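Topology and contacts: notes
Residue-level listing of the chains:
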Amino acid sequence: DAMELSMEKLKENILIALGREVVRDEKTEVLHFYKWWAQHSFGEHIARIDNLHHCRIFEEFLKEKNKTNLSFEQVDYNFYIEFRIYLEKVKGYKPNTVATHLRDLKTVMGEARIRNLHTSDAYKVIKCKFANVDTIYLSVDEINALYKHKLEGVEEMVRDLFVLGCHTAMRFQDYSTLSIAHIDNNRITIKTKKTGETVIIPAHPRVIEILNKWEGKAPKISHGHLNKTIKEICKDMGIEKVLITCAKG
């Protein structure tokens, strides 16, 4: 293997010397930074499974278009339209799913600009238009209050499972099957049921606390019962919102 790598490197250097290949600086490539962004939490950004999934779809698109070395400056109006059409027509995504993919790309571009990896403003043309839906999610303060609220029996199990979902941003079919065995070195490693992808995300301390509380496994509650009961619990707490938990699948 070492010999193969050395030969590959030698070939690359020869091509560069002959002027047939340009030396690449990964810091100027969108995909390289996108992958880093999707796997690391910093500031207000929390690395989530959806970020990793969006990054993989973006990489699929770049490979199909032979643009894996895409530079930040190349993310302009034409690229935006091409990517949006890919999401809508090739992948067949609904408007809000398309918007989340575009939002992540725009966020990545903005973060890279803040870090002085590029000076282009062309990416700002990206539009992340979400359709209006009657869904309002809990704030961090409300999640904290919900977790501290004294409950017993099934209501306590429902609340803990819901909070588990909030802190992992997984689909119900994934976070409802979580166990302490999925966690190592404060990271969750799990193969998602919908896409079959293995993802690694940071484990919030509360996730570990909840799993340990229920003998190392997520509380066993059906998706329908979770949705119905969590709404009732929040209403009793004075949180008058329309609640829809993380997607079932």
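Structure shown above.
Here's what I pulled together on the structure shown here. Values in this document were obtained by computation on a predicted structure and should not be read as measured data.

How each quantity is defined
- Within any chain, residue numbers begin from 1 and follow the written order of that chain's sequence.
- The model is predicted, so local features are restricted to residues of pLDDT at least 70 and side-chain atom pairs to those at 80 or more, both for listing and for counting; the totals for chains, interfaces and linings are taken over all residues.
- Heavy atoms throughout the structure, all of them, feed into the side-chain values; hydrogens and water do not.
- Here a helix means four or more residues in a row that DSSP labels H or I, a strand means two or more in a row labelled E, and each is numbered from the N terminus.
- Buried residues are those whose accessible area, probed at 1.4 Å on protein chains only, stays under 20% of the maximum for their type, while exposed residues exceed 50% and partly exposed ones sit between those limits.
- Any two residues whose heavy atoms approach within 4.5 Å are treated as being in contact.
- The protein chains shown are the only cover counted for residues, whose accessible areas, like all others here, come from Shrake-Rupley with a 1.4 Å probe.
- For this analysis, a nonpolar core means a set of buried residues of the types Ala, Val, Leu, Ile, Met, Phe, Trp, Tyr and Cys, connected via side-chain atoms within 4.5 Å.
- Throughout this description, a polar contact denotes any pair of N or O atoms lying within 3.5 Å of each other; where both atoms belong to protein, one of them has to be capable of donating a hydrogen while the other can accept it, and for residues adjacent in sequence the pair is counted only when both atoms sit in side chains.

**Quick word on the overall build of the chain**
- Summing up its helical and strand segments, the chain has ten helices and three strands in all.
- Listed by position from the N terminus, the elements making up the chain come as α-α-α-α-α-α-α-α-β-β-β-α-α.
- Burial statistics for the chain: of 249 residues in total, 40% are counted as buried.
- The long-range fraction of contacts in the chain, counting pairs at least 24 apart against all pairs at least 6 apart in sequence, stands at 62%.
- For the chain, the exposed surface amounts to about 14,700 Å²; the carbon and sulfur share of it is 51%.

**A short note on the nonpolar core**
- Phe58, Phe79, Phe83, Leu105, Leu178 and Ile188 are the most contacted members of the largest nonpolar core, which has 61 residues in total.
- When residues in this core are grouped by element, the largest group, seven residues, is from helix α3 (residues 49-64).
- With sequence-adjacent residues up to four places away left out, Phe83 is seen in contact with Phe58, Phe61, Leu102 and Leu105.

**Describing the side chain of Thr229**
- Residue position: Thr229 is located in helix α10 (residues 223-236).
- Looking at Thr229, its side chain comes within polar contact range of the main-chain oxygen of His225, at 2.8 Å.
- Residues within four places of Thr229 in sequence aside, it is in contact with Glu155 and Val158.

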